[in-house]
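Coordinate analysis (summary)
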Amino acid sequence: MPEPLQPALDRLRPLLLDTEGLIRAVASGRRRAEHPDPTRAELRPVDLRGERHLQVTATDGRTPVVLNHTGPDAEAAVDSLLAQPYGNWHVETREAVVQLRVTKRGEAQVHTSAASGEAADTTHDRAKNHLIDPADPLFTILGADAAKRRQVDAFLRQLAPIARRVKPEGRPLRVVDLGCGNAYLTMAAHRYLAAEIDPDVQTLGVDIRPEMASRNARVAAEAGLTGLGFKAASIEEAAADPELTGVDIVLALHACDTATDDSLALAVRWQARGVLAAPCCHHDIQRQLTDSDAGAPFAGLTRHAILRERFADVLTDTVRADLLRLLGYRVEVVEFIDSRHTPRNALIRAVHTGTAPTARRVAEYTDLVSAWHIEPALAERLAPEVESVLAN
Ligand SMILES: C[S@@+](CC[C@H](N)C(=O)[O-])C[C@H]1O[C@@H](n2cnc3c(N)ncnc32)[C@H](O)[C@@H]1O
């Protein structure tokens, strides 16, 4: 039930100032038509020279500012933050987790749940374990569970160096997430990129399911995210959209089957400088392998269904990486997260360099596809570009 805002904020004050009970707190998002300064603040207790302090890390979208407070100084810092028009407060103590969200009507929606049982990490130089704090209210608003948070964080670790590298001069960074689904990654990437790489970053999530765009736009507004949009379209339709140009980075996390090929093809067509695609199921090449006979000594690789399935995964992503390389990308295929968290943990990470392929690389690709009698979906989608490279 919504309740008056000020008394609800007043109840947070002692929790934030209790450095023995507080684990961490995050203030983020914004209220309708208002802009908190700083845009985000994280509070946690730290021990400095044997004395407990309240550490406040404030971010204005650029460099975080860290200040450590005690006594009246800490009270002033907390009062100043509570007076800012944040849309969300997440306060985690030894006793409970309190989430306060400010509604469109300016009331407080408070949700209190059991404590996580986690102890406060009061070391001053805490290693930065997460790119986005798992306690960030964004995840609560999104409804993301711990496994999804971990997956998103691991993906962001791969994205960060590429975003730094390809960020254009003189205009905002443009990122498109294809097959964005519930947009956990889209929103977390946008939040991270705006805070660390480019405050003016523009992000678009595309998904074929129409209900996703409206749901995601509502959640983004609730989380106070700006510069982020959603489009209900297939990747093919996005490819034909004349307004979609100047895309710097294409993301595709577990886009189904050949939707990953659609995403990679579109990245090439857009000449996106950075591409991060974690493929999902690989039915296309699997189907082709069922009818294919590579002959001795490789026939055993596809004889048993389970091995054929695994081999198809490897062959599909090898061919994708090869094709991107032929088309001027520097490509790496890495595990972005431990397989305990998702078996679909391979990531194709590519940066456009424009380097022409060597004759050896071209032969490697043509020999591979002809040995297995396969017609990769990505080669089909990029037929003119691939033919031009093979002809040279
Ligand atoms: C497994 S979900 C992954 C969602 C999200 N990227 C994530 O990791 O949470 C795959 C998503 O791709 C979308 N999708 C599949 N084929 C598509 C296509 N051709 N065009 C656009 N979206 C597509 C589906 O609707 C679905 O939401």
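Computed from a predicted model, the values in this text were never measured in an experiment.

Rules of the game
- Residues numbered from 1 in each chain as written.
- Predicted model: local features only at pLDDT ≥ 70, side-chain atom pairs only at ≥ 80, totals over all residues.
- Heavy atoms only, no water.
- UniProt positions renumbered as here; feature names shortened; annotations may be inferred.
- Helix = DSSP H or I, 4+ residues; strand = E, 2+ residues; numbered from the N terminus.
- Buried < 20%, exposed > 50% of the residue type's maximum accessible area, 1.4 Å probe, protein only.
- Salt bridge = Lys/Arg side-chain N within 4 Å of Asp/Glu carboxyl O.
- Pairing = 2+ DSSP bridges.
- Axes fitted to C-alpha atoms, helices over the stretch in contact; angles between N-to-C directions.
- Contact = heavy atoms within 4.5 Å.
- Domains from an automatic or database assignment.
- Polar contact = N/O pair within 3.5 Å; in protein donor to acceptor, adjacent residues only side chain to side chain.
- Core = buried A, V, L, I, M, F, W, Y, C linked by side-chain atoms within 4.5 Å.
- Near = heavy atom within 4 Å.
- Nonpolar A, V, L, I, M, F, W, Y, C, P; charged D, E, K, R; others polar.
- Phe/Tyr/Trp six-rings, centres within 6.5 Å; stacked < 30°, edge-to-face > 60°.

Another aspect to go through is the UniProt feature "domain: Methyltransferase" (unreviewed entry) in the protein chain. When the UniProt feature table is mapped onto this chain, "domain: Methyltransferase" (unreviewed entry) is found at residues 148-288. Segment residues 148-288 splits into 48% helix and 18% strand. End C-alpha atoms: 32 Å apart.

With that settled, the discussion passes to unusual backbone geometry. Put simply, Asp37 and Pro38 share a cis peptide bond, and its omega is 5°. Mapped onto the elements, Pro38 comes out in the loop between strand 1 (22-28) and strand 2 (40-48). Positive phi is not limited to glycine here, since Ala33 has a value of about 60°. On the accessibility criterion, Ala33 (71% relative accessible area) is exposed.

Within the structure shown, the criterion is met by 23 salt bridges. One salt bridge in this structure joins Asp248 and Arg171, with 2.8 Å as the shortest N-O distance. Of this pair, Asp248 sits in the loop between helix 7 (235-239) and strand 11 (249-253) while Arg171 sits in the loop between helix 4 (146-166) and strand 8 (174-178), and the two are 77 residues apart along the sequence. Looking at Asp248, the relative accessible area reads 5%, which means it is buried.

Moving on: the environment of Gly229. Along the polypeptide, Gly229 turns up in strand 10 (residues 228-232). A relative accessible area of 23% means that Gly229 is categorised as partly exposed.

This next bit is on the sheet that holds strand 7 (residues 108-114). With antiparallel pairing, 7 strands are arranged side by side in an open sheet as 4-3-2-1-5-6-7. Looking at the sheet topology across the chains shown, the edges are occupied by strand 4 (65-69) and strand 7. Averaged over neighbouring strand pairs, the angle between their axes works out to 15° when direction is ignored.

Further remarks concern the sheet that holds strand 9 (residues 202-207). If you walk across this open sheet you meet the 7 strands as 10-9-8-11-12-14-13, and the pairing is mixed. Strand pairing shows two members of the sheet lacking a second neighbour, strand 10 and strand 13 (329-335), which therefore form its edges. Taken over all neighbouring pairs, the strand axes of this sheet differ in orientation by 15° on average, direction set aside. When strand 8 meets strand 9, the two strands line up parallel, connected through 5 bridges. Within strand 9, the position partnered with Val175 by the bridge is Thr203. Of the strands in this sheet, strand 8, strand 9, strand 10 and strand 11 touch helix 5 (residues 184-196), which is tilted by about 155° from strand 10. Running at roughly 165° to strand 10, helix 6 (residues 210-222) makes contact with strand 9 and strand 10 of the sheet.

Attention now goes to the domain arrangement of the protein chain. Along its sequence, the protein chain is organised into domain 1 (5-127) and domain 2 (146-391). Between domain 1 and domain 2, the C-alpha centre-to-centre distance is 37 Å. There are 1 salt bridge connecting domain 1 and domain 2. The partner of Glu222 in a salt bridge is Arg101, with the nearest N and O atoms 3.7 Å apart. Remark: the boundary between domain 1 and domain 2 carries 0 residue pairs in polar contact (both at pLDDT 80 or more).

Attention now moves to the nonpolar core. Among the nonpolar cores identified, the biggest contains 48 residues, and Val176, Leu289, Leu315, Leu324 and Ile374 are the most heavily contacted of them. Residue contributions to this core peak at 8 residues, all from helix 10 (residues 305-326). With residues up to four places along the chain from it excluded, the contact list for Leu289 reads Thr302, Arg308, Phe311, Ala312, Leu315, Trp372 and Ile374. The next biggest cluster of nonpolar side chains, apart from the first, holds 46 residues, and it includes Leu138, Val175, Ala188 and Ile337.

Once that is clear, we can look at the site of the ligand. Inspection of the region around the ligand gives 14 residues, with Gly179, Asp207, Arg209, Ile235 and Leu253 positioned closest. At a separation of 3.2 Å, a nitrogen atom of the ligand approaches a polar backbone atom of Ile208. One nitrogen or oxygen atom from the side chain of Arg209 is found 2.7 Å from an oxygen atom belonging to the ligand. Residues of the shell around the ligand, tallied by class, amount to 7 nonpolar, 4 polar and 3 charged.

To continue, consider the side chain of Ser234. In this fold, Ser234 is placed in the loop between strand 10 and helix 7. With relative accessibility at 14%, the residue Ser234 sits in the buried group. Every residue in contact with Ser234, bar those within four places of it in the chain, is listed here: Val206 and Ile208.

Turning our attention to the packing of aromatic side chains. Tallied over the full model, the rule gives 4 aromatic pairs. Plain terms: the ring middles of Phe298 and Trp372 are 6.2 Å apart, the flat faces sit at 45° to each other, and that makes the pair tilted. Taken as a pair, Phe298 in the loop between helix 9 (283-291) and helix 10 and Trp372 in the loop between helix 11 (359-371) and helix 12 (377-381) lie far apart in primary sequence, 74 residues in all. Taking the relative accessible area as the measure of exposure, Trp372 reaches 5% and is therefore buried. Consider the rings of Phe311 and Trp372, whose centres lie 4.7 Å apart with planes at 50°: the pair is tilted. Taken together, the residues span a long stretch of sequence, with Phe311 in helix 10 and Trp372 in the loop between helix 11 and helix 12 at a distance of 61 residues.

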